[in-house]
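# Descriptive structure summary
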Amino acid sequence: MRKSLIILLGAALAGLLATGCDLEAPGHSTLSVEQPSGAAVFGNYVAVGNSLTAGFMDSGLILTGQATSYPQLIATQMGYPAGSFMQPLLAPPGLGSTALTNPMYRAGVLHYDAMAGSIAVLDSTHITEIQPLALAASWPVPYSNLGVPGATLKDFADALDSSTSQSPGNAFFDLILRNSVFGGYSMLEQLIARGPTICTFWLGNNDVLGGATSGQPNDGVVHAGEAVNLTPPSLFTAMYGAALDNITNGVMERHGFAPVIFVANIPSITSVPFFMPKALFAQASGIPEGMLAMEESDAQIVLFTALGYLRAHGGLAALPLPAEYTLSVAEAQLVANTVTSYNSAIAAAVGARSNVFLYDANAELAALDPMTEAAHFLVLASAVGPQTAAATTLFSLDGVHPNNRGYARVANGFLNAMNAQLGTDFPMVDLATVSWDPTHGTGYGTISSTTVTVSERAAATMSAVFR
Amino acid sequence: MRGTLRWTITVCLLFAAGTALAGGFNIYEAGARATAMGGAFTATADDGSAIFYNPAGLAFLEGSALDLNLMPVVPAAKFTGAYAPDGTFASGETVDQSFPIPGLYYYTTFEENLTFGLGVYAPFGLGVEWSDPEAWAGRALSYDVDLATVYVSPTFAWKVHEDVAVSFGLDIAFSEIELNRFRTQPFGGNMDEINVIDAKISGSCEPNFTPQAGVMIRATDRLTLGAMFHQQKDLAIQDGKMELTNVAPAALEGAVDGIIAGLGGAEHDGTTVLHLPHMLSLAAAYQLTDAARVEVDFVHFNWSTFDKLVLDFNNPMLDQSIEEQYEDVWQFRAGLSYDLSPELTAMAGYVRDNTPQPVESMSPLLPDSDRNDASVGLAYRVSDRLTFTGSYMAVIFKARSNVENGEIQSFDPEISPAGTYDSRADIFGIGIGYKF
């Protein structure tokens, strides 16, 4: 009896110790993730795109422009509290897109200098003083507005910084993707990390604008033997579909739900005042159309920057206008065809995906009145005075990018598409509450010049972002 | 004497930070012999540990004795996180630690019917330290928590009748608490959760006095009934401190410095009240044969007093209210002892210990669950005066997940890791009893 009890106790002890020596890791449970629906769809809005998404205007990024970027306005209409939709805010004078003569300085945005009656760079910043301009540089996570001026469709997936972008030297990649701190995450990866329930995606513009604003758009045929500067439509189609699928799959894999994506298509270049019909340019430059000699004799479109060129080179004496300031018939057709192809590809990509919806920005901009809403500020100003001009046009001084009111129009376009597609009832931005100050605080003064001039430096700033 | 006592308390506090061994963070293991019997000792209580288990038992003892017990506790916990959508999951385990829980008792009989006892033991404690703290999934709640509570209990036991004894005494509690956690922040292009502030919260309580009482009735030659009661405590911690250390990466260091400065600096004073439940044991022991004895105890804890832990700092922005919402529980304890010889006694026990902790407050601070404990032990009487006791108890926790129907059940779902905890503890005990 005693012996057996000892054995029994011994066995019990051995058993207890044996089970105790190694604790096994417990099994898994699984968290389920619900597909956002109803109001939850709008819980986490993130925007990706290029300069148009960044709120770029007057040839640069600046706080006062970013305040009315269309993503910010959409977020506000969705009910996001002020400051919660974080953007890469830049203090005045902002950051323009080109190197100045002195490489130690960076241009700020353009402004309308009322005293001179011309467009000029607001101010410039020594390169060592640029970082303090970036007011939200220490924001710990990717920005809610990931729009990078200059970004192409390829950059969306591949660019980590300026050196790996298709526009080497474009510091906006460094300022907005911040991979000197973050390590190495593309716009796509940063978007996925944020886990957006809804995102806006407006890319592809620079795939054609780079070529168009160079004055020498080339698909390898129009200027055979020279570098191609337009993304071929077949490649565009493939990259566009892949970008949408990478967003959807990436968010699904990491966060367990599919985001809603609203895309905008590519506006025709004829909708924007930067590309001027020859007659209009003649009027703006004060040179009779018959005297406007061009290197490209069949030039159909003159780039706005030609005004700066004329001013710097003595007006009539500078003619004929070099080929880089005009689009020939063939060039204009090439650009138009390319935009059409892109938009067909975008429509097809949207149609093939249940979580992707289209805002037809091209149609909306094409419907603008070229003599008022889509007229360049300086062209209007010479007729109606600068204050009225500023309150009329929807485009900023660079002639390509909308101004504050123009971006409000874009925001309303997206919001309309959301309301129509998702059954929401987001209020529109009241355009009467949004204004654009082309003088950037320097004022209109008392002199109201009717001459239309652009400084050469300003002209360089205007187009550099696309190169 | 006063100095010695203080030293003893300090040493005990140092050691007594044990893992939670009985439901919640109660430690019912106050002596090797009782532990060997699964803690079913309230109706036996025939050594110094009676001062905890039932001081009335002292009244039936004679002479004076010293009972010194050391109960090294070796806890272990593992965590397996729920699958995230991308198929990844967190995991973690506690570092190897052992906590020698004290059970130091002295009693002396003044006259035939009156016995005085003094005990030092640690009925509440907690020590959960997770390895790889910087990466531990639950670090925003806790990566290292220590709670040590030592009771010093002077008590008198009266034999009011030949077969009936009662006791009355005081539980004087000393407590120290320390909690370490990280404030985390998503950072970088991949939104990695990084540590920005290391927060250490610590404090100790003023000595706290509450009554305790016991009764033991020898109902028949074979049947003994016992009951003991230790009143609940509200330990006021007045000297609490929170120390904030900036551990952010260089890119955020300045911003975090600003946050800490904005809070009013790196050090803050605070107060809290720690609620400890009462312990009520109702027990019956039966002498089966001359050699064999069984005991069954039902132990009640009003854990509902531990509803929340409110940390009140001089800067209200740092105030925290940690929801606990514990529930009252009964434990079942059964023990058997068998005299193998006049010198040698073998013991075994079983405990069914239902957790007072709702799943919502299961966390890295204390991942509790229902337990089944089994114990064995041997007592060897070297002489009429000297006894050695050895015990071992295995505390087997039921694996418990805070994920139900795919959703995390937590009072703090933002920072509480979702997943399954599994724990166990091995409690070794040695006791030396010496009768004067």
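Shown above is the structure to which this text applies.
What comes next concerns the included structure. All figures in this text were calculated on a predicted structure; none of them were measured in a lab.

### Focus on the overall build of chain A
Across its full length, chain A holds 18 helices and 14 strands. Classification of the 467 residues of chain A by burial places 58% in the buried group. Looking at chain A alone, contacts between residues at least 24 apart form 72% of all its contacts between residues at least 6 apart. Accessible area of chain A: about 17600 Å², with a carbon and sulfur share of 58%. For chain A, the separation between the mean place of its 14 positive charges and that of its 32 negative charges on side chains is 13 Å.

### Describing the overall build of chain B
In terms of regular secondary structure, chain B is built from four helices and 23 strands. Relative to the 2.2 N^0.38 estimate, which gives 22 Å for 436 residues, the radius of gyration of chain B is 23 Å and therefore close to what a compact globule would have. With respect to the three principal axes, the spread of C-alpha positions in chain B is 75 × 45 × 35 Å. Within chain B, the proportion of its 436 residues that are buried is 57%. Sequence-distant contacts in chain B: of pairs separated by 6 or more residues, those separated by 24 or more amount to 71%.

### Structural notes on the environment of A:Val109
All names here are of chain A. Along the polypeptide, valine 109 turns up in the loop between strand S4 (105-107) and strand S5 (110-113). The class for valine 109 is buried, based on a relative accessible area of 0%. Taking the C-alpha atoms as reference, valine 109 lies 17 Å from isoleucine 176; in sequence the two are 67 residues apart.

### Thoughts on helix H17 (residues 404-422) of chain A
Residues and elements named next belong to chain A. In this model, H17 (19 residues) spans 26 Å end to end at C-alpha, consistent with the 27 Å of a helix rising 1.5 Å per residue. With a side-chain oxygen lying 3.0 Å from the backbone nitrogen of arginine 405, the N-terminal cap of H17 falls on asparagine 403. Positive backbone phi, approximately 70°, marks glycine 423, located one or two places after H17.

### Looking at a nonpolar patch on the surface
A contiguous nonpolar surface patch, about 430 Å² in accessible area, is contributed by B:Leu68, B:Tyr380, B:Val382, B:Phe388 and B:Ile432. Relative to the elements of secondary structure, B:Tyr380 occurs in strand S18 (residues 371-381).

### Looking at the packing of helix H8 (residues 187-194) of chain A against helix H10 (residues 233-255) of chain A
All names here are of chain A. Between H8 and H10, the least distance of the axes is 9 Å, while the angle of their chain directions is 40°. Between H8 and H10, the crossing angle belongs to the class labelled oblique. The element H8 and its partner H10 pack so that their crossing is right-handed. Only Asn246, Ile247, Gly250, Val251, Arg254 and His255 of H10 make contact with H8, whose side of the interface consists of Leu188, Leu191, Ile192, Ala193 and Arg194. Tallied by class, the residues present in the contact of H8 with H10 amount to six nonpolar, three polar and two charged.

### Considering the packing of aromatic side chains
Residue and element names in this part refer to chain B. Within the structure shown, the criterion is met by 49 aromatic pairs over all chains. Measuring from centroid to centroid gives 5.2 Å for tyrosine 28 and phenylalanine 52, while their planes differ by 75°, and the two rings are edge-to-face. Remark: phenylalanine 52 occurs in helix H3 (residues 50-53) and tyrosine 28 occurs in the loop between helix H1 (2-15) and helix H2 (32-36); sequence separation between them is 24 residues. The ring of tyrosine 151 is capped by lysine 233, whose NZ or CZ atom sits 5.1 Å from the centre of that ring.

### A short note on the packing of helix H4 (residues 70-78) of chain A against H17(A)
Residue and element names in this part refer to chain A. Between H4 and H17, the least distance of the axes is 8 Å, while the angle of their chain directions is 50°. The angle between H4 and H17 falls in the class oblique. Every pair of crossing elements has a handedness; the one defined by H4 and H17 is right-handed. Note on element contacts: H17 touches H4 through Tyr407, Ala408, Val410, Ala411, Phe414, Leu415 and Met418, opposite Tyr70, Leu73, Ile74, Gln77 and Met78. Within the contact of H4 with H17, the residues separate by chemical class into 11 nonpolar, one polar and no charged.

### Description of the sheet that holds strand S9 (residues 260-264) of chain A
All names here are of chain A. Taking strand neighbours across the sheet as the criterion, the four strands line up as S1-S8-S9-S13 in an open arrangement whose pairing is parallel. The open sheet has two edge strands, strand S1 (45-49) and strand S13 (356-359), and neither has a second partner. Here the strands of the sheet are splayed against their neighbours by 20° on average, with no regard to which way each runs. Sheet topology places strand S8 (residues 198-202) next to S9; four bridges connect them, and they run parallel. Paired with cysteine 199 across the bridge in S9 is isoleucine 261. Taken strand by strand, H4 contacts S1 and S8, and its axis lies near 165° from that of S1.

### Quick word on the interface of chain B and chain A
Each partner contributes to the interface: chain B provides 49 residues, whereas chain A provides 40 residues. Of the roughly 3400 Å² buried at the junction of chain B and chain A (both faces included), carbon and sulfur atoms supply 67%. Joining chain B to chain A, the criterion identifies zero salt bridges. One can count 10 residue pairs in polar contact (both at pLDDT 80 or more) joining chain B with chain A. The element best represented in the side of chain B that touches chain A is strand S23 (residues 419-435) of chain B, accounting for eight residues. For the side of chain B that touches chain A, the class distribution of residues is 27 nonpolar, 14 polar and eight charged.

What counts and what doesn't
Residues numbered from 1 in each chain as written. Chains lettered and ligands numbered in written order. Predicted model: local features only at pLDDT ≥ 70, side-chain atom pairs only at ≥ 80, totals over all residues. Heavy atoms only, no water. Helix = DSSP H or I, 4+ residues; strand = E, 2+ residues; numbered from the N terminus. Buried < 20%, exposed > 50% of the residue type's maximum accessible area, 1.4 Å probe, protein only. Contact = heavy atoms within 4.5 Å. Areas by Shrake-Rupley, 256 points an atom, 1.4 Å probe, with all protein chains shown as cover. Lys, Arg positive; Asp, Glu negative; His and termini not counted. Charge placed at Lys NZ, Arg CZ, Asp CG, Glu CD. Rg over C-alpha atoms; globule rule 2.2 N^0.38 Å. Expected span 1.5 Å × (residues − 1). Polar contact = N/O pair within 3.5 Å; in protein donor to acceptor, adjacent residues only side chain to side chain. Patch = residues over 30% accessible without salt bridge, like charges linked within 9 Å, V, L, I, M, F, W, Y side chains within 5 Å. Salt bridge = Lys/Arg side-chain N within 4 Å of Asp/Glu carboxyl O. Axes fitted to C-alpha atoms, helices over the stretch in contact; angles between N-to-C directions. Parallel < 35°, antiparallel > 145°, perpendicular 65-115°, else oblique. Left-handed = near helix turned anticlockwise from the far one by under 90°. Nonpolar A, V, L, I, M, F, W, Y, C, P; charged D, E, K, R; others polar. Phe/Tyr/Trp six-rings, centres within 6.5 Å; stacked < 30°, edge-to-face > 60°. Lys NZ or Arg CZ within 6 Å of the ring centre and 35° of its normal. Pairing = 2+ DSSP bridges. Buried area = accessible area lost by both parts, 1.4 Å probe.

Geometric descriptors of this kind do not, in isolation, establish any biological role.
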